[in-house]
Each structure stands twice: as C-alpha cells, then as structure tokens.
Amino acid sequence: MSTTERAGTPRRAAAAGRVPPGPRWTATPSLIKMLAMDRLGMMTTAARYGDAVRLAIGPKSMYFFNHPDYAKHVLTDNSDNYHKGVGLKQARRALGEGLLTSEGDLWRKQRKVVQPAFQHKRISRQADAVVEEAGKLVARLRARAGGPPVDVVQEMTGLTLGVLGRTLLDADLSAHGSIGRAFEAVQDQAMFEMVSQGVVPMWLPLPKQLRFRRARRELERIVGALVSERGARFDAGDDALSRLILSVRRETDPKVGRQRLRDELVTLLLAGHETTASTLGWSFYLLDRHPEVLGRVRAEVTEVLGDRVPVFEDLHGLVYTGMVVQEAMRLYPPVWLLSRIAQADDEVGGYHVPAGSDVLVSPYTMHRHRELWGDSAEEFDPDRFDPDNPQARPRFAYIPFGAGPRFCVGNHLGMMEATFVLAMVVRELRLTTVPGHRVVPEPMLSLRIRGGLPMTIRPAT
Ligand code: HEM
C-alpha cells in the first residue's frame, strides 16, 4: 500500500462515540511537567497513541487530533463549534480583542475589514517595502562579515517588524527599539498563563506580571502615537490601516473605536513578525546544514535575479527558494499548535468530544507524520513541494497557515517576505551556525529557537 493510500485512513478508526485512547490518569503529573517543560515532546509522545488521543490532566480532558480528516473537521467543516482555545484565550489579556483572539460577530466584522488589504494582488504593492528592508538587512549583515557571530533570529525579528511597520503603518519601527522587547514580555506572560492554566492570580505582583503590564502599556503607547501621527495625515487608501481607521470611525463610542484600532494593530504586528522571523531563522539553519540545497537556491537566484533587486513578479521565478521556505515550515511550523475549545458536544472521526473540552491540532506533529510524509518525514527535502512533481497527500496534511475561516490573513505577505529575504541574503552571504551551538526548538506562542541562532557571516563564494 502506498503512503498516501495509508494516509487516507485514520489509524484506529472508531465506533461512534468512543473515547480516544491516551495515557492513564496516573500520568497526570508527568503530563503537567511536560506541558511546562517539553511541550513538543508531549505532543510527539501523544501522537504515538494514534491519530485521536485523549490527554487527561486531572479532571480536565484535552483531545488531540493528528490526522488531516480530523483537522479538517475541527478547523473547517464544523469550525463554528470550535472557538479559539487555551493559549489564545490568555493572549486576549495581552492583545485585547484583535483578529487573532476575537470570536463571533466582532471577528467576522474585523476580518472583513482587514482581509482585503492582504490579498495577493494588493501585496504586490508591499513588495517594494519588503525588498528595501531586506536590502538594509543584507547591508547590515555584510558589514559584520568576518566578525563575531550574529544572532540571526534577532536580526530576522528586527527585519520583520521593520517590514510590518512600513506596510501596515507607513512608519519606521527601528525608531522604537523597545517594541521587540515589549512583544517578548507579552508573549512570555501569555505562555506562562497558558502553562499555569490560570491558577496564578493576575493581581499577584510577580516580576513577570509587572513586566507584562509595562510591556502592554508600552505597546499601546507606541501604536497609539503612530496611529495619531498617521491619522493626522490621513488619506484613505486600501491598506490595512486606512481600512481600520475608516471602520472604527463608524463606532458610536470613539474610545471603543480607538481601543479596537490599537488591539487590531498590536495583533497584526505580533502575528506577522514572529512567525515570519521564525520561518527565516529555521530556513537559514537548514540551508547551512544542507549545502547542496543552498547551492540550488543560489543558482536559482543568480539565474532569476542576477545582480538586480527583486520585484513582485520575480516571486514566480523563485520557485525552488519558495519550496525551501515551505519545507522549513513543514519541519518547524511557526504556529506549532492550534488550540480550540468545543462549544457543544461533537463527534470527530467517531470519537466523542464533550462540550468545553480543549481540542488540539498540531501542525508540528502532523507535518512529521510518517503515514503522510513517508519514512523520510524527519528529513529536510524541499523537493516534496516541487510544483512540477506534485506528491499526492491530503490537503490538510500541511497546515502552516492554519485552515478554515481562521486561516492566516498574512500568508501571502509572509511567504513573499521569507522568499525574497532568503534569496537576497544567500546571493551575497554565507551564514554558518557556530560550531557546538545546539539548535533546539522552543515552542512558545511561535516555534522559536532556544537562545537564538548565532551564525558567522562571510561573503558567498
Ligand atoms: C510565515 C509566516 C506566518 C505563518 C506561518 C502564520 C501562521 C498563522 C496560523 C497558523 C494562523 C491560524 C491560527 C489559528 O487558527 O489558531 C494565523 C492566523 C493569523 N495570522 Fe498568520 N502567519 C504568518 C504570517 C502572518 C503575517 C505576515 C500576518 C499579518 C501581517 C499574519 C496575521 C495573522 C492574523 C491576523 C491571524 C488571525 C486570523 C483570524 O483568526 O482571523 N500572519 N497565522
């Protein structure tokens, strides 16, 4: 039987209403420990029980689904029954009611406002800003060639924030150095709250909480200032900010309107920068480990671009570079976990899911599922995404941008940015991981690299 045939049939097909298998309740202490210390290990271990797994943590049950059919059911077919789950509920305290965290009518209304600004045809106009910011990055890195290692994750974070500042706010965010640190503090707190499941009261003046509150105020201040500045020279266009400003002007209470605008912008900045930076960090790491792939990227870039800077249309020519980005997101999906809460009782693949349960789908485990990706599932092989040689696999086997109504709004921008930055950097520079540095994934709100990614830089030969 071929891999794809096997992949079509979820393991342990169930009789209706059955409870999925999973560790015994006595495993609760070790599950709690893994939730705090080794979340990827927890998901990988859970996947060994089958494609539908029940994880009982004390009286609470989490249902983990690791098959494309089940993911499709939760994220698309019956998506109305699944509101955003554990992590994002906590993130609401940090991000307010932005697109990522809102539900129902408010989410629908905001999605309609924001989505058109990120459509494929519109992002062609954002390509120039991406290429300019990438050019500045290459110059910065070039200046450090031959010097001590550079933290590539930090550089990518600066770059992606810079791009969003330009494309969303028409502003230079490098003037606001504190914004990156503020996002970090906000994310740390959201992750801490997710892991501690809200048992630590918010009013406790813990250093983390205080840092979080300061960071939240700082983000509000910066975004508020940028919005007033932009509002003063407001000239309605069809970019995200213009669309948001026009929509909140219809709000009867101007205070609510201002808050909504800030929430939405903070959300877009957060959702858009860490994810793309993580994709790039992992891509550079993988390219360093696979010189033959790096050679092919370089050959493509030389053929398509020569010495000139890319324009939007070049995206169609940089096919192999795009395949590398896709494969990096397969092995290291920036959003490694999609969590939901069931609103009403449901059945997923014949398994009963009671109302109120946490439901988890993990792009990380799905993207490494041997029955979907074969025995080489753990290996880096961009040819899996060769459009001239498409491999048959279920659509929901690959979900780096999620699926269904909550599908990422910034997917085209993220892909374009990662592809152009990769192309422009590898054309000129060779980035090498510092020998002995252990590169370990750290599953926070996005899949980071623990302790960053120090790389030395030299001119490409
Ligand atoms: C490679 C880069 C990116 C990846 C891998 C990524 C991944 C994702 C995923 C998986 C989701 C769905 C989350 C869920 O269903 O719970 C999502 C949602 C979202 N993303 Fe992205 N994203 C990327 C880039 C961006 C960019 C550049 C922006 C904006 C500028 C953005 C804005 C958003 C927003 C606002 C949502 C929430 C959409 C909604 O719920 O309606 N993302 N992203």
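What you are looking at is a predicted structure, and each value in this text was computed from that prediction instead of being measured.

Student: Looking at this model, I keep getting lost on the overall build of the protein. Mind explaining?
Tutor: Of the regular secondary structure elements, the protein holds 18 helices and 12 strands. The globule rule puts the C-alpha radius of gyration for 461 residues at 23 Å, and the 22 Å found for the protein is close to it. The principal-axis extent of the C-alpha atoms belonging to the protein is close to 60 × 60 × 40 Å. Within the protein, contacts between residues separated by at least 24 positions form 76% of all contacts whose residues are at least 6 apart in sequence. For the protein, the distance from the average position of its 62 positive side-chain charges to the average position of its 53 negative side-chain charges is 5 Å.

Student: What should I look at first to understand the coordination of the iron atom of the ligand in this one?
Tutor: Each donor-metal-donor angle in an ideal tetrahedron of four donors is 109.5 degrees, and each such angle in an ideal octahedron of six donors is either 90 or 180 degrees. Of all protein atoms, Cys408 (SG) alone acts as a donor to the iron atom of the ligand, lying 2.3 Å away. Looking at the element boundaries, cysteine 408 is found in the loop between α17 (370–373) and α18 (411–428).

Student: Explain the sheet that holds strand β5 (residues 338–342) to me, please; I cannot follow it from the model alone.
Tutor: Working definition: the strands of a sheet are paired by backbone hydrogen bonds and lie parallel or antiparallel to each other. The strand order across the open sheet formed by five strands is β1-β2-β8-β5-β3, and the pairing between neighbours is mixed. Edge positions in the sheet fall to β1 (52–57) and β3 (82–84), since each of these pairs with one other strand and no more. When the angles between neighbouring strand axes are averaged without regard to direction, this sheet yields 35 degrees. Note: β3 against β5, three bridges, orientation antiparallel. Within β5, the residue paired with tyrosine 82 across the bridge is alanine 342. Across the face of the sheet, helix α4 (residues 68–77) comes into contact with β1, β2 (60–65), β3, β5 and β8 (358–361) while running at roughly 65 degrees to β5.

Student: I would appreciate a short explanation of the packing of helix α12 (residues 240–249) against helix α13 (residues 254–289) in the present structure.
Tutor: Packed helices, taken two at a time, are described by the angle their axes make and the gap between the axes. Where α12 contacts α13, the two axes come as close as 9 Å, and the packing angle between them is 155 degrees. Taken together, α12 and α13 sit at an angle that is classed as roughly antiparallel. Considering the relative orientation of α12 and α13, their crossing is right-handed. Counted together, Leu241, Leu244, Ile245 and Val248 of α12 and Gly257, Arg260, Leu261, Glu264, Leu265 and Leu268 of α13 form the full contact between these two elements. In terms of residue class, the contact of α12 with α13 is built from seven nonpolar, one polar and two charged.

Student: Sorry, what's going on with the site of the ligand here?
Tutor: Looking at the ligand, there are 25 residues lining it, with Trp107, Arg111, Arg340, Arg406 and Cys408 nearest. A distance of 2.8 Å separates an oxygen atom of the ligand from a polar atom in the side chain of arginine 406. Among the secondary structure elements, those contributing two or more residues to the shell around the ligand are α6 (104–114), α13 and β5. In terms of residues, the shell around the ligand owes the most to one element, α13, which gives six residues.

Student: Is there a simple way to explain the packing of aromatic side chains in this structure?
Tutor: Using the criterion set out here, one finds seven aromatic pairs in the structure. The interplanar angle of 75 degrees and the centroid separation of 5.7 Å between the aromatic rings of phenylalanine 65 and tyrosine 70 together place this pair among those described as edge-to-face. Judged on exposure class, the residue phenylalanine 65 and its partner tyrosine 70 are both buried. Aromatic pair tryptophan 373 and phenylalanine 385: ring centres 6.2 Å apart, planes at 45 degrees, arrangement tilted.

Student: Where do I start with the sheet that holds strand β12 (residues 454–459) in this structure?
Tutor: Read from one edge of the open sheet, three strands run β4-β12-β9, paired in antiparallel fashion. On the outer flanks of this sheet lie β4 (150–151) and β9 (429–433), each paired with one strand and no other. Examined bridge by bridge, β4 and β12 share two bridges and lie antiparallel to one another. Across the sheet, residue valine 150 finds its bridge partner in β12, namely methionine 455. Lying over the sheet, α13 contacts β9 and β12, oriented at roughly 90 degrees with respect to β9.

Student: How do you make sense of the pattern of salt bridges when you look at a structure like this?
Tutor: A side chain of one charge can pair with a side chain of the opposite charge when the charged atoms of the two come close. Using the criterion set out here, one finds 24 salt bridges in the structure. Notably, a salt bridge pairs arginine 308 with aspartate 314, separated by 2.9 Å at the nearest N-O pair. Given a relative accessible area of 8%, aspartate 314 falls into the buried group. Between arginine 384 and glutamate 327 there is a salt bridge, and its shortest N-O distance comes to 3.0 Å. In this pair, arginine 384 is assigned in the loop between α17 and α18 and glutamate 327 in helix α15 (residues 319–331), connecting sequence segments 57 residues apart.

Student: Which parts of the structure should I look at to understand the environment of phenylalanine 312?
Tutor: Mapped onto the elements of the fold, phenylalanine 312 is located in the loop between α14 (291–305) and α15. For phenylalanine 312, a relative accessible area of 10% puts it in the buried group. Along the sequence, phenylalanine 312 and glycine 158 sit 154 residues apart, while their C-alpha atoms lie 22 Å from each other.

Student: Honestly, α6 in this entry has me stumped. Any pointers?
Tutor: Given 3.6 residues per helical turn, the α-helix brings residues three or four places apart onto the same face. Along α6, the residues classified as buried are Leu106, Trp107, Gln110, Arg111, Val113 and Val114. An end-on view of α6 places all buried positions within 160 degrees of arc, on one side of the element. Away from the buried face of α6 by more than 90 degrees, exposed residues Asp105 and Lys112 are located. Buried residues along α6 sit against α12 and α13.

Student: Please clarify how the nonpolar core should be interpreted in this entry.
Tutor: Nonpolar side chains in soluble globular proteins tend to end up buried together. Formed by 137 residues in total, the largest nonpolar core has its most connected members in Phe65, Leu269, Phe284 and Val425. Among the elements that take part in this core, α13 stands out by supplying 13 residues, more than any other. If near-sequence neighbours (up to four positions away) are discounted, leucine 269 is found in contact with Leu164, Leu168, Leu169, Leu173, Ile179, Phe183 and Val223.

Student: Can you walk me through the environment of glycine 96 in this structure?
Tutor: As for its position among the elements, glycine 96 is in the loop between α5 (86–95) and α6. Spatially, the C-alpha atoms of glycine 96 and valine 266 are 8.8 Å apart, while their sequence positions differ by 170 residues. If near-sequence neighbours (up to four positions away) are discounted, glycine 96 is found in contact with Ala91, Thr101, Arg216 and Asp263.

About the cut-offs
Residues numbered from 1 in each chain as written. Predicted model: local features only at pLDDT ≥ 70, side-chain atom pairs only at ≥ 80, totals over all residues. Heavy atoms only, no water. Helix = DSSP H or I, 4+ residues; strand = E, 2+ residues; numbered from the N terminus. Rg over C-alpha atoms; globule rule 2.2 N^0.38 Å. Contact = heavy atoms within 4.5 Å. Lys, Arg positive; Asp, Glu negative; His and termini not counted. Charge placed at Lys NZ, Arg CZ, Asp CG, Glu CD. Donors = N, O, S within 2.8 Å, 3.2 Å for Na, K, Ca; no water. Pairing = 2+ DSSP bridges. Axes fitted to C-alpha atoms, helices over the stretch in contact; angles between N-to-C directions. Parallel < 35°, antiparallel > 145°, perpendicular 65-115°, else oblique. Left-handed = near helix turned anticlockwise from the far one by under 90°. Nonpolar A, V, L, I, M, F, W, Y, C, P; charged D, E, K, R; others polar. Near = heavy atom within 4 Å. Polar contact = N/O pair within 3.5 Å; in protein donor to acceptor, adjacent residues only side chain to side chain. Phe/Tyr/Trp six-rings, centres within 6.5 Å; stacked < 30°, edge-to-face > 60°. Buried < 20%, exposed > 50% of the residue type's maximum accessible area, 1.4 Å probe, protein only. Salt bridge = Lys/Arg side-chain N within 4 Å of Asp/Glu carboxyl O. Arc of directions from axis to C-beta. Core = buried A, V, L, I, M, F, W, Y, C linked by side-chain atoms within 4.5 Å.

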